[in-house]
2 protein chains.
Amino acid sequence: MREIRYREIAADLKGRVDAGEFAAGGLLPSEADLTRTYGASRVTIRRALESLREAGLVDSRQGFGWFVAVDRVRQNLAQLSTIERELAERGVTAERQILDFGFVTANARVREVLGVEQVLRVRRLNLAGGVPFARVTVWCPADLGASLSRADVAAHPFYELLPVTIGGATQTIAAALAEPADAKLLEVPIGSPVLRCERVTRDVDGNPVLLSVHVFPAHLTEFVVDLPSPTGLSLVE
Amino acid sequence: MREIRYREIAADLKGRVDAGEFAAGGLLPSEADLTRTYGASRVTIRRALESLREAGLVDSRQGFGWFVAVDRVRQNLAQLSTIERELAERGVTAERQILDFGFVTANARVREVLGVEQVLRVRRLNLAGGVPFARVTVWCPADLGASLSRADVAAHPFYELLPVTIGGATQTIAAALAEPADAKLLEVPIGSPVLRCERVTRDVDGNPVLLSVHVFPAHLTEFVVDLPSPTGLSLVE
DNA sequence: CAGTGGTCTAGACCACTGG
DNA sequence: CAGTGGTCTAGACCACTGG
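### Things to note about the nonpolar core
In terms of nonpolar packing, the biggest core is built from 51 residues, with Phe158, Leu162 and Leu210 of chain A together with Phe158, Leu162 and Leu210 of chain B touching the most fellow members. In contact with leucine 162 of chain A, not counting residues within four places along its chain, are Cys140, Leu144, Leu148, Val209 and Leu210 of chain A.

See the structure below:
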């Protein structure tokens with residue numbers, strides 16, 4: 001594998017930021033300084049910095065400099081980046097803690113969506129760097145879940161484990177207040193704001209194969225949607 | 001406003017792609033051709049192409065070329081629907097009640113986004129069938145808003161009134177609790193959950209022309225996002 | 001093989017920030 | 001004002017695709 005210089009520089013800078021070499025909101029060395037430090041051209045330095053900006057780690061202002069971003073976790077829907085990947089780019093380890101794993105009778109909503117009576121239900125907590133950032137419940141038809149182990153669902157994204165090809169998903173995003181159980185798991189006060197997402201995942205033939213509900217504490221999470229065409233702008237107007 | 005060459009080129013190429021000059025999946029001219037066509041350096045041409053790749057319009061393969069992206073994922077992703085659109089489809093009348101209309105000095109966030117000191121600020125309440133469902137504040141540069149009247153912004157979506165062509169927008173979606181003033185306007189209890197969206201709307205050259213904040217009561221609103229591609233499914237896993 | 005995109009250099013001019 | 005990032009040029013070498 002050829003070494004890509006701007007990626008090496010980006011990785012090194014990320015390490016320095018994560019190590020706390022620069023304060024949150026603090027300035028990085030100037031591009032000119034970095035050029036000398038890394039022995040690379042300014043274009044290459046900027047390319048590294050832009051990739052870190054893309055990851056939400058740093059930002060810049062013309063005439064001022066590059067500084068450590070003090071952003072929230074952003075889930076950029078349109079760019080299809082995963083929250084875990086963004087976290088990984090910041091050097092934060094993602095972890096799934098399984099709270100509950102078992103076959104149950106579907107409730108009304110699950111039956112309505114998946115069209116079966118018996119389902120595998122998995123409840124879990126997603127953590128990033130040891131901090132809980134999502135409480136998730138996933139349901140899938142019992143026959144599809146028959147071959148899955150508790151260790152499987154802890155180690156892999158659910159949809160990667162299913163013996164079907166995923167064709168798409170529909171996700172709703174709503175606001176709610178933290179219920180006592182979720183508040184405790186997510187380490188936030190009861191009644192604090194949360195984002196609540198419900199997702200229906202389908203196979204390539206359009207059959208629903210997963211239903212999941214995700215609860216995020218509001219102070220850690222926001223969704224980002226890019227609307228590249230004017231038609232998208234009718235959104236809220 | 002200075003003309004940014006790579007944005008001009010990107011806008012022109014986007015127009016040619018949208019006009020069907022290149023078949024879906026078809027090759028674009030080579031970078032070398034484009035440098036001659038546009039009289040720009042290869043770096044600038046690539047920057048324009050990269051921005052179109054970012055938008056999901058084109059893609060490339062080394063040694064092969066740039067081609068029109070078959071999987072227009074991002075465009076599909078932008079198909080967000082809202083309660084208002086659904087209401088509109090049911091024949092419920094939408095109404096804008098202007099709370100405040102005036103030219104003010106930009107606050108820090110507005111200045112950061114729009115890059116100007118003087119702005120037109122419009123606060124309004126959106127109603128559907130007489131029920132308030134959104135409290136909205138819109139800022140736009142004073143020169144762009146100079147020709148707008150209070151009646152204009154009550155009668156039309158803001159972006160339709162601007163003397164610029166809209167190129168896209170980026171919207172963040174977050175959860176919060178209703179503040180007293182918003183609670184009263186939206187007829188919900190103080191501290192009840194709300195969705196809070198901030199949107200930056202840009203012209204075709206990528207210049208920000210509108211900043212807006214939208215507050216929706218959670219019980220009336222949810223966002224729906226379709227994720228047609230399997231890659232999109234890694235979103236929260 | 002000729003042609004393509006991916007990476008990189010060493011310059012340049014400019015707008016902008018802060019003092 | 002000196003220093004900063006934003007944009008742009010005209011080169012270069014390389015890995016890769018297809019014929």
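Back to the text.
### Digging into unusual backbone geometry
Leave glycine aside and you will find that most residues have negative phi; peptide bonds, for their part, are mostly trans. Even without a glycine there, the phi angle at glutamate 187 of chain A is positive, about 60°. Residue placement: glutamate 187 of chain A occurs in the loop between helix H9 (180-186) and strand S8 (193-203).

### Observations concerning the protein's contact with DNA strand D
The local shell around DNA strand D holds 26 residues, among which Arg42 and Arg46 of chain A together with Arg5, Thr44 and Arg47 of chain B are the closest. Atoms of DNA strand D within 4 Å of the protein belong to the sugar or the phosphate in 67% of instances, the rest to bases. Elements that contribute at least two residues to the surface near DNA strand D include exactly helix H3 (42-54), strand S1 (58-61) and strand S2 (65-68) of chain A together with helix H1 (5-18) and helix H3 (42-54) of chain B. At four residues, H3 of chain B tops the list of elements feeding residues into the surface near DNA strand D. Residues of the surface near DNA strand D, tallied by class, amount to six nonpolar, ten polar and ten charged.

### Here's the deal with the pattern of salt bridges
For the coordinates displayed, the defined rule picks out 28 salt bridges over all chains. Two residues, arginine 46 of chain B and glutamate 50 of chain B, come together in a salt bridge whose shortest N-O distance is 3.4 Å. Pair noted here: arginine 46 of chain B and glutamate 50 of chain B are both in helix H3, with a separation of four residues, about one helical turn. Shared partners join several salt bridges into a network, and the residues in it are Glu31, Arg42, Arg46, Glu50, Arg53 and Asp59 of chain A.

### Quick notes on the packing of helix H1 (residues 5-18) of chain A against H3 of chain A
All names here are of chain A. As a packed pair, H1 and H3 sit with axes 8 Å apart at the nearest point and diverge in direction by 55°. Regarding the angle of H1 to H3, the classification is oblique. Considering how the two elements wind past one another, H1 and H3 form a crossing that is right-handed. Each of Arg5, Tyr6, Ile9, Ala10, Leu13 and Lys14 in H1 lies in contact with H3, whose residues at this interface are Thr44, Ile45, Arg47, Ala48, Leu49, Ser51 and Leu52. Residues that form the contact of H1 with H3 fall into these classes: eight nonpolar, two polar and three charged.

### What to know about the protein's contact with DNA strand C
Close contacts around DNA strand C come from 28 residues, with Arg5, Ser41, Thr44 and Arg47 of chain A together with Arg46 of chain B the closest. Of everything in DNA strand C that lies within 4 Å of the protein, sugar and phosphate atoms constitute 67%. For DNA strand C, a phosphate oxygen lies 3.5 Å from a polar atom in the side chain of serine 30 of chain B. A distance of 2.8 Å is found between a phosphate oxygen of DNA strand C and a side-chain nitrogen or oxygen belonging to serine 60 of chain B. Secondary structure elements with two or more residues in the surface near DNA strand C: H1 and H3 of chain A together with H3, strand S1 (58-61) and strand S2 (65-68) of chain B. Broken down by element, the residue count for the surface near DNA strand C peaks at four residues, all from H3 of chain A.

### Remarks on the confidence of the model for chain A
All names here are of chain A. Summing up the model confidence of chain A, the mean pLDDT is 81 and the portion of residues at 70 or higher is 83%. Taken element by element, chain A is modelled with least confidence in strand S3 (residues 73-76), mean pLDDT 45, and with most confidence in helix H2 (residues 31-38), mean pLDDT 94. Confidence drops under pLDDT 50 across residues 72-82; counting only partners more than four residues distant or on other chains, this segment forms 51 contacts. Low pLDDT, under 50, characterises residues 229-237; the stretch is placed with 31 contacts to residues that sit more than four places away or in other chains.

### With respect to helix H2 (residues 31-38) of chain B
Every α-helix carries 3.6 residues per turn, so stepping three or four residues along brings you back to the same face. All names here are of chain B. Along H2, the positions that sit buried rather than exposed are Glu31, Leu34, Thr35 and Tyr38. For H2, the buried positions fall inside an angular range of 105° around the axis, keeping them on one side. Those residues of H2 that are exposed and angled more than 90 degrees off the buried face are Arg36 and Thr37. On its buried face, H2 is in contact with H1, H3 and S2.

### Considerations on the environment of leucine 57 of chain A
With respect to the helices and strands, leucine 57 of chain A occurs in the loop between H3 and S1. Along the primary structure leucine 57 of chain A and alanine 69 of chain A are separated by twelve residues, whereas in three dimensions their C-alpha atoms are 5.4 Å apart.

### Here we look at the pairing of S2 of chain B
All names here are of chain B. Looking at chain direction, S1 and S2 are connected through four bridges and run antiparallel. Paired with serine 60 across the strands is tryptophan 66, a residue of S2. Between S1 and S2, which pair antiparallel one after the other, the connecting turn spans three residues, and glycine 63 there sits at a positive phi close to 80°.

Basis of the calculations
- Along every chain, residues carry numbers that run from 1 in the direction the sequence is written.
- The naming scheme follows written order: chains are lettered A onward, ligands numbered 1 onward.
- For this predicted model, a pLDDT threshold of at least 70 governs which residues receive local features, and a threshold of 80 or more governs which side-chain atom pairs are given and counted, while totals over whole chains, interfaces and linings are taken from all residues.
- Here the side-chain values reflect all heavy atoms present in the structure, with hydrogen atoms and water set aside.
- Among buried residues, the Ala, Val, Leu, Ile, Met, Phe, Trp, Tyr and Cys ones that are joined through side-chain atoms within 4.5 Å form a nonpolar core.
- Buried, partly exposed and exposed residues are distinguished by accessible area as a fraction of the type maximum, computed with a 1.4 Å probe on protein chains only: under 20%, between the cut-offs, and over 50%, respectively.
- Contacts are residue-level and defined by heavy atoms, with any inter-residue pair within 4.5 Å sufficient.
- In this description a helix means any DSSP run of H or I spanning at least four residues, a strand means any run of E spanning at least two, and both kinds are numbered starting from the N terminus.
- Whether a residue is near a molecule or strand depends on its heavy atoms: if one lies within 4 Å, it is near.
- Here the nonpolar group is Ala, Val, Leu, Ile, Met, Phe, Trp, Tyr, Cys and Pro; Asp, Glu, Lys and Arg are the charged ones; every other residue, Gly included, is treated as polar.
- Just to be clear on terms, a salt bridge is a Lys or Arg side-chain nitrogen sitting within 4 Å of an Asp or Glu carboxyl oxygen.
- Each axis is a line fitted through C-alpha atoms, and for a helix only the stretch in contact is used; angles between axes span 0 to 180 degrees, taken between their N-to-C directions.
- Each angle receives one of four descriptions, namely roughly parallel if under 35 degrees, roughly antiparallel if over 145, roughly perpendicular if within 65 to 115, and oblique otherwise.
- Handedness of a crossing is defined here by the sense of rotation of the near helix relative to the far one, left-handed for an anticlockwise turn of less than a right angle and right-handed for a clockwise turn.
- What qualifies as a polar contact is a pair of N or O atoms within 3.5 Å, subject to a donor-acceptor requirement within protein and to the restriction that residues adjacent in sequence count only when both atoms come from side chains.
- Residue-level confidence of the predictor is summarised by pLDDT, bounded by 0 at the bottom and 100 at the top.
- Regarding the arc, it is the one traced by the directions from the helix axis to the C-beta atoms.
- When DSSP finds at least two bridges between two strands, those strands are taken to pair.

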